[in-house]
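Each chain is listed here by its residues.
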Amino acid sequence: MEDKGKTVCIVGAGFSGLCTAIKIKRKLPTYSITIYDSNDDFGGTWLVNTYPGCACDIPSHLYSFSFEPNPSWSSQYPSQIEILMYMKTLAQKYNLYARARFRHEVKQLEWLEESMKWEVNVLDSKTNQRHSLRYDFVFCGTGEYHLPNSPGIFSSFKGSMMHSAEWNPEFQLEGKTVAVVGSGASAIQIIPSIAQQVGKLLSYQRTPAWVISRLQFNIAPWVQWAFATIPGMRRLYRTSIYLANEIQYPAFQIQGLLSHVARPIAILLGKLHLRRQVSNSDLRAKLLPNYSLGCNRVCLSNEYYPALMRDNVEVIRDDIIQVTQDSIVTKDRRDKIDVLILATGFRIHEYFGPMEIVGRKGENILRKWKVDGPSIYLGIVSHLMPNLFFIHGPGVDLGHNTGLFTIECQVNWILQMVNEMEGKGASAVSVKESVEQAYMLRHQRDMKNTIWSSNDCGSYYANSQGLITIVYPRSQIDYWLRTLKFNPDNFEFLMRR
């Protein structure tokens, strides 16, 4: 294929942006890449999340690109620091720093029908100047975890306050009364890491998480050597981890023979872990979730429950009804606190916001998606946005396996699409609206057989209309097969006038 040296805008310098840039450099070397990110370096969520205990709950040999293995992971589950080092090493290896524009925030994308290009409006936060540039393709890799969720009720607090994604290491915790609001993955990592140093820790939990044991261990140097030198050993180990995660898929289904076996086993493991680590029956009752396992992310920890058993730690299940300048008030109590830590997650239903995308016919995509829910084929393309590709967009998150393999599947599929487009001499490519609609109908139909659609779930995966817009309703192998080969019959190839 003879390419034309097209221009590519990549929004985001996390794993999605890295994978996109590397693959394009390998397969379309004459394409000009520019990577924009509002932060100071590569890393995305692993750059900004620096709270104590921050780590990944996916094994390290799976939480890495298949085409760039790292035989030298130091432990089964990697820390934030080690993941960030891996990402920066890749950026250096492929000379991506020369292509990156840090502290540049993409404010708006607008499709220009006449030129069949995207106009990209960028704010340079170093100079506070805006620039408008035009690109042939845009890859949106902002991810789900880029906008911290800080509920307005906490704005009245005048003491030291921070969100887990905006950690301030200068805050003094020693001997202080610290409140941690939230019970998801970040809270489960933060609480054991600070419980020993604070004077008193109050854990406010509206809905406790399902927590199961994490088999963490250091990887011996001789094993690292074997992964690096013995052909096939590291790949075999990675594949075994992948399959072990993939067979958990039936636990997230409502119907099916395997689901009737997998779900009770998973629930039993969660309850046994709670009973084994928490001897106090009253505390156990507080920590037992009242929703189906898997409705929200299942967390892995061996340190969380023991930390909650400490004498200086108290779990509070009452709803917070008021926050004053120095206290948190529930129905039955008022607690004066020194430090407030919000482990309240992210605004995942902002999708790519606050960036605006203006697609075909002047359609504001963010506004439309917030009202109607996303309409997007394979979580990658929409008929309203030619030549714009979402990497790990809505509807492809997995409750049981790694998102990095999904990212690789998507980028490989997109590059097939670009090859097809170039071969036809087209200027742009867009999924047919009928194909997109049929895909979304099947997506929502399949979602009805998942626990996320059950009445007792109340999952944060659902948007304000109750639609599950974040997760993929089938297995990752199913998604891999769907993206294995690009089908040009599902697309329109557009010629510049």
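Labelled according to an unreviewed UniProt entry, the protein appears under the name Flavin-containing monooxygenase, originating from Orchesella dallaii. Under Cofactor (unreviewed entry), UniProt gives the following word-for-word description of the protein: "FAD".

**A word on the pattern of salt bridges**
Applying the stated criterion to the full structure yields 19 salt bridges. A salt bridge links Glu422 to Lys6; the nearest nitrogen and oxygen atoms lie 3.6 Å apart. Within this pair, whereas Glu422 is found in helix α11 (residues 403–423), its partner Lys6 is found in the segment before β1 (7–11), the two being separated by 416 residues in sequence. Between Arg333 and Glu314 there is a salt bridge, with its nearest N and O atoms 2.6 Å apart. Of the two residues, Arg333 is situated in the loop between β15 (327–330) and β16 (334–336) and Glu314 in strand β13 (residues 313–316); the sequence distance between them amounts to 19 residues. Using a relative accessible area of 24% as the deciding quantity, one classes Arg333 as partly exposed. Beyond isolated ion pairs, a larger network of salt bridges with shared partners links Arg442, Asp446, Arg474, Asp478 and Arg482.

**Some remarks on the sheet that holds strand β5 (residues 117–124)**
With respect to topology, four strands assemble into an open sheet ordered β6-β5-β4-β18, the strand pairing being mixed. With one partner strand each, in any of the chains shown, β6 (129–135) and β18 (356–358) form the two edges of the open sheet. Averaged over all adjacent pairs, the angle separating strand axes in this sheet is 20 degrees, with direction ignored. As defined by bridge partners, strand β4 (residues 104–112) adjoins β5 across eight bridges and the pair is classed as antiparallel. Residue pairing for β5: Val106 is matched across the bridge by Val122.

**Some remarks on the packing of helix α1 (residues 15–27) against helix α3 (residues 80–93)**
Helix-helix packing: each pair is described by the crossing angle between the helix axes and the interaxial distance. Following both chains from N to C, one finds α1 and α3 inclined at 25 degrees, their axes separated by 11 Å at the closest point. Relative to α3, α1 is oriented roughly parallel. Considering how the two elements wind past one another, α1 and α3 form a crossing that is left-handed. Facing Phe15, Leu18 and Ile22 of α1, the residues of α3 in contact are Ile83, Tyr86, Met87, Leu90 and Ala91. A class-by-class count of the residues in the contact of α1 with α3 yields eight nonpolar, no polar and no charged.

**Some details on the packing of aromatic side chains**
For the structure on display, the rule yields 31 aromatic pairs. Taken together, a centroid distance of 5.0 Å and an interplanar angle of 10 degrees make the contact between Phe65 and Phe67 stacked. With relative accessibility at 0%, the residue Phe65 sits in the buried group. Residues Tyr145 and Phe346 carry aromatic rings whose centres are separated by 5.5 Å and whose planes lie at 65 degrees to one another, so their mutual orientation is edge-to-face. Of this pair, Tyr145 sits in the loop between β7 (137–140) and β8 (160–163) while Phe346 sits in the loop between β17 (339–342) and β18; the two residues are 201 residues apart in sequence, bridging distant segments of the chain. Using a relative accessible area of 34% as the deciding quantity, one classes Tyr145 as partly exposed. By the ring-pair criterion, three or more aromatic residues cluster together here, those being Phe15, Trp46, Tyr63, Phe65, Phe67, Trp73 and Tyr86. It is Lys424 that lies over the ring of Phe493; its NZ or CZ is 5.2 Å from the centre.

**So, the environment of Val181**
If you trace the backbone, Val181 turns up in strand β9 (residues 177–181). The exposure class of Val181 is buried, given its relative accessible area of 8%. In sequence terms Val181 and Glu303 are 122 residues apart; their C-alpha atoms lie 18 Å from each other. Apart from the residues lying within four places of it in its own chain, the contact partners of Val181 are Phe154, Tyr204, Ile320, Ile328, Leu340, Ile341, Leu342, Ala343 and Thr344.

**Observations concerning helix α6 (residues 233–246)**
Over its 14 residues, α6 runs 20 Å from end to end, which matches the ideal 20 Å to within 8%, given 1.5 Å per residue. Within α6, burial applies to Arg234, Arg238, Ile241, Tyr242, Asn245 and Glu246. Within α6, the buried residues cover an arc of 135 degrees as seen down the axis, which keeps them to one side. In this structure, the buried side of α6 is in contact with α5 (221–229), α11 and α13 (476–482).

What counts and what doesn't
- Residues numbered from 1 in each chain as written.
- Predicted model: local features only at pLDDT ≥ 70, side-chain atom pairs only at ≥ 80, totals over all residues.
- Heavy atoms only, no water.
- UniProt positions renumbered as here; feature names shortened; annotations may be inferred.
- Salt bridge = Lys/Arg side-chain N within 4 Å of Asp/Glu carboxyl O.
- Helix = DSSP H or I, 4+ residues; strand = E, 2+ residues; numbered from the N terminus.
- Buried < 20%, exposed > 50% of the residue type's maximum accessible area, 1.4 Å probe, protein only.
- Pairing = 2+ DSSP bridges.
- Axes fitted to C-alpha atoms, helices over the stretch in contact; angles between N-to-C directions.
- Parallel < 35°, antiparallel > 145°, perpendicular 65-115°, else oblique.
- Left-handed = near helix turned anticlockwise from the far one by under 90°.
- Contact = heavy atoms within 4.5 Å.
- Nonpolar A, V, L, I, M, F, W, Y, C, P; charged D, E, K, R; others polar.
- Phe/Tyr/Trp six-rings, centres within 6.5 Å; stacked < 30°, edge-to-face > 60°.
- Lys NZ or Arg CZ within 6 Å of the ring centre and 35° of its normal.
- Expected span 1.5 Å × (residues − 1).
- Arc of directions from axis to C-beta.

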